Amino acid sequence: MRVSFPREVTAQIGQRAAQLAREDAQARGWRTADAMYPVSGVGYAGVATKKKYHMYQEKGTQPFLMTALEGKT
């Protein structure tokens, strides 16, 4: 049987996760650490960011062919 965590518990987990993410970003010298904020609800908790490139810095990107640059110098 699956039981979801209540909203109060996931809110605490999300707050702590956001705090740790901000501390890590500041240790890396990122000036945009304040853009990270907690997200939580019934059964889930995590960290979101207002800056799109934070996720690329963390996970990277998929390989792709640079066809958009074809013919440009």
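These lines cover the structure that appears in this document, whether it is placed above or below.

The rules behind these values
- Residues numbered from 1 in each chain as written.
- Predicted model: local features only at pLDDT ≥ 70, side-chain atom pairs only at ≥ 80, totals over all residues.
- Heavy atoms only, no water.
- Pairing = 2+ DSSP bridges.
- Helix = DSSP H or I, 4+ residues; strand = E, 2+ residues; numbered from the N terminus.
- Buried < 20%, exposed > 50% of the residue type's maximum accessible area, 1.4 Å probe, protein only.
- Contact = heavy atoms within 4.5 Å.
- Patch = residues over 30% accessible without salt bridge, like charges linked within 9 Å, V, L, I, M, F, W, Y side chains within 5 Å.
- Areas by Shrake-Rupley, 256 points an atom, 1.4 Å probe, with all protein chains shown as cover.
- Salt bridge = Lys/Arg side-chain N within 4 Å of Asp/Glu carboxyl O.

Topic: the pairing of strand β2 (residues 44-49)
Argument step 1. Where strand β1 (residues 36-41) lies against β2, six bridges are found, and the strand directions are antiparallel. Note that in β2 the partner of Gly-41 across the bridge is Tyr-44.
Argument step 2. Linking β1 to β2, which pair antiparallel, is a turn of two residues; within it Gly-43 sits at a positive phi near 90°.

Thoughts on the environment of Ala-21
Argument step 1. Along the polypeptide, Ala-21 turns up in helix α1 (residues 7-27).
Argument step 2. What makes Ala-21 partly exposed here is its relative accessible area of 21%.
Argument step 3. In this structure the C-alpha to C-alpha distance between Ala-21 and Ala-68, which are 47 residues apart in sequence, comes to 34 Å.
Argument step 4. Setting aside chain neighbours within four positions, we find Ala-21 in contact with Met-36 and Val-47.

Overview of a nonpolar patch on the surface
Argument step 1. Taken together, the side chains of Phe-64, Met-66 and Leu-69 present a nonpolar region at the surface, about 360 Å² in accessible area.
Argument step 2. Relative to the helices and strands, Phe-64 is located in the segment after α2 (53-59).

Side note on the pattern of salt bridges
Argument step 1. In total, this model carries one salt bridge according to the counting rule given.
Argument step 2. Put simply, Arg-28 and Asp-24 hold a salt bridge, and the shortest N to O gap is 2.9 Å.
Argument step 3. A relative accessible area of 46% means that Arg-28 is categorised as partly exposed.

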